[in-house]
Amino acid sequence: MEYSQFYEENGTPFTGRKQKKVREFLQSMELRYDEGVEYTVNLVTQDGDIAATGSLQSNVLKCVAVDDRFQGMGLSSRIVTLLMNHAMEQGHSHLFVFTKPKNIAMFSDLGFYPIIKTENVLFMENVRDGISKYVKALERPIPTPQTVGAIIANCNPFTNGHRYLIETAAAQCDVLHLFILSEDRSAFPAEVRYQLVKKGIEPINKDLGKIILHKTSDYLISSAVFPTYFLKEQQKAEQINCELDLRIFAEYFAKELGITKRFVGTEPFCPVTNAYNRVMKNILSEYGIEVVEIPRKQQDNLAISASKVRACMIEGDYETIKNIVPPTTMEYLLSDEGRAIAEKLAEKQ
């Protein structure tokens, strides 16, 4: 069958019968449909059968599959090209793919370069040495101090609990690298979270002068983007995601910046984060990185959390909020932008 005998169809994403057809095709390829996809393209035979498919979520390629009957016809290349063209139209030039390790040759031929590979997952990007160049460009003191720590946080929004964690960690280091997740999937936009942290730590850094603030770019990953469509054991997906994230941190960020300690708060509320902290200790110890857990700061015998702040925003309880966030965060929450976020949170209830 010649390539010209296939026709293209796309959805943003597909729904109803067409989505069901994609789901069934992926299942026949021992894959699952990823609920997060935002755009899908199919190559279809004249008989209406899917020969190949692929999807996008933001700048991440997902669910790329070609029917075994049509292997060797360049369909995977065509699918990836169509996805890349669509991503470019949406303003995404830096693209990523999560896939099975056995697919490294296929995606390498399509212009992707490996970032990291574990037993279960291969993570690639379409920029040669993109992660190495990004990490090398991060601000750091020269020469590298003896004790270098790191915190990776979302801060959705920045609370007195975050501030306590940062201040306590900074007191135990010569320099502390503070990474704020750049992924824009939280109630508070990434740039807002970054600016609230920047303003909130100014009094600490004025006294200690040890904290260097960074954005994570696309390299430190959250479960929101991490795909599980190619993993047979779904219950292990979160653990696999943790391992991938931690090895990226250790092999690139920690190695380049000389990080020897990673600080985390104890987690009484979220079992996922609690499990992540346990996995973190096991994996980072392989790289000689100590994981230091710092007890959560409390207010009225309750641990302070960003989730508590968001809950109070929904209830309109700003009296409680002002006791658990810095003045700079409170100022933002009372602004028009902050009130708009509260309204959106309430609408989702």
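The coordinates are above.
The rules behind these values
- Residues numbered from 1 in each chain as written.
- Predicted model: local features only at pLDDT ≥ 70, side-chain atom pairs only at ≥ 80, totals over all residues.
- Heavy atoms only, no water.
- Helix = DSSP H or I, 4+ residues; strand = E, 2+ residues; numbered from the N terminus.
- Rg over C-alpha atoms; globule rule 2.2 N^0.38 Å.
- Buried < 20%, exposed > 50% of the residue type's maximum accessible area, 1.4 Å probe, protein only.
- Contact = heavy atoms within 4.5 Å.
- Areas by Shrake-Rupley, 256 points an atom, 1.4 Å probe, with all protein chains shown as cover.
- Lys, Arg positive; Asp, Glu negative; His and termini not counted.
- Charge placed at Lys NZ, Arg CZ, Asp CG, Glu CD.
- Pairing = 2+ DSSP bridges.
- Axes fitted to C-alpha atoms, helices over the stretch in contact; angles between N-to-C directions.
- Salt bridge = Lys/Arg side-chain N within 4 Å of Asp/Glu carboxyl O.
- Parallel < 35°, antiparallel > 145°, perpendicular 65-115°, else oblique.
- Nonpolar A, V, L, I, M, F, W, Y, C, P; charged D, E, K, R; others polar.

Colleague: I keep staring at the overall build of the protein chain and nothing clicks. Help me out?
Modeller: In terms of regular secondary structure, the protein chain is built from 13 helices and 14 strands. At 22 Å, the protein chain has a C-alpha radius of gyration in line with the 20 Å of a compact globule built from 349 residues. Considered along the principal axes of its C-alpha atoms, the protein chain spans approximately 70 × 50 × 35 Å. Counting over 349 residues, the protein chain shows a buried share of 50%. For the protein chain, contacts bridging at least 24 residues in sequence account for 70% of all contacts bridging at least 6. Counting every atom, the protein chain has about 17000 Å² of accessible surface; 46% of that belongs to carbon and sulfur. When the 40 positive and 45 negative side-chain charges of the protein chain are each reduced to one mean point, those points stand 2 Å apart.

Colleague: What's the story with the sheet that holds strand β9 (residues 175-180) in this structure? I'm lost.
Modeller: Strand pairing in a sheet takes place through backbone hydrogen bonds and is either antiparallel or parallel in direction. Here we have 5 strands laid out as an open sheet, ordered β10-β9-β8-β11-β12, and parallel in their pairing. At either end of the open sheet lies a strand with only one pairing partner, and these are β10 (211-215) and β12 (290-294). Between one strand axis and the next, the sheet turns through 25° on average, direction left out of account. Here strand β8 (residues 148-153) runs beside β9; their pairing, made up of 6 bridges, is parallel. Bridging from a neighbouring strand, Gly149 pairs with Leu176 of β9. Relative to β10, helix α6 (residues 190-200) is tilted by about 175°, and along the sheet it contacts β9 and β10.

Colleague: Hey, could you run me through the sheet that holds strand β1 (residues 7-11) in this one?
Modeller: An order of β1-β2-β3-β4-β5-β7-β6 is seen for the 7 strands of this open sheet, with the pairing classed as mixed. The sheet is open, and its two edges are formed by β1 and β6 (113-117), each paired on a single side. Strand-to-strand twist of the sheet, defined as the mean angle between neighbouring strand axes without regard to direction, takes the value 25°. Relative to strand β7 (residues 122-125), β6 runs antiparallel, the two being bridged by 4 bridges.

Colleague: Hey, could you run me through the pattern of salt bridges in this one?
Modeller: Once their charged atoms are close, side chains differing in charge can pair, the charge on each being opposite to the other. The full count for this structure, using the stated rule, is 13 salt bridges. Arg78 is the partner of Glu8 in a salt bridge, and the nearest nitrogen-oxygen pair spans 2.7 Å. Remark: Arg78 occurs in helix α2 (residues 75-89) and Glu8 occurs in strand β1; sequence separation between them is 70 residues. Judged by relative accessible area, Glu8 falls into the partly exposed class, the value being 41%. Of the charged contacts, one joins Arg247 and Glu243 as a salt bridge, the two residues approaching to 3.0 Å between their closest N and O atoms. Pair noted here: Arg247 and Glu243 are both in helix α8 (residues 237-257), with a separation of 4 residues, about one helical turn. Residue classification places Arg247 among the buried residues on the basis of a relative accessible area of 14%.

Colleague: Sorry, what's going on with the packing of helix α10 (residues 306-315) against helix α13 (residues 336-347) here?
Modeller: Relative orientation and spacing of two packed helices are given, respectively, by the angle between their axes and the distance between those axes. At a minimum axis distance of 8 Å, the contact between α10 and α13 shows a crossing angle of 90°. Classified by the angle between their axes, α10 and α13 sit roughly perpendicular to one another. Facing α10, whose interface residues are Arg310, Met313 and Ile314, α13 presents Gly338, Ile341, Ala342, Leu345 and Ala346. Split by residue class, the contact of α10 with α13 holds 6 nonpolar, 1 polar and 1 charged.

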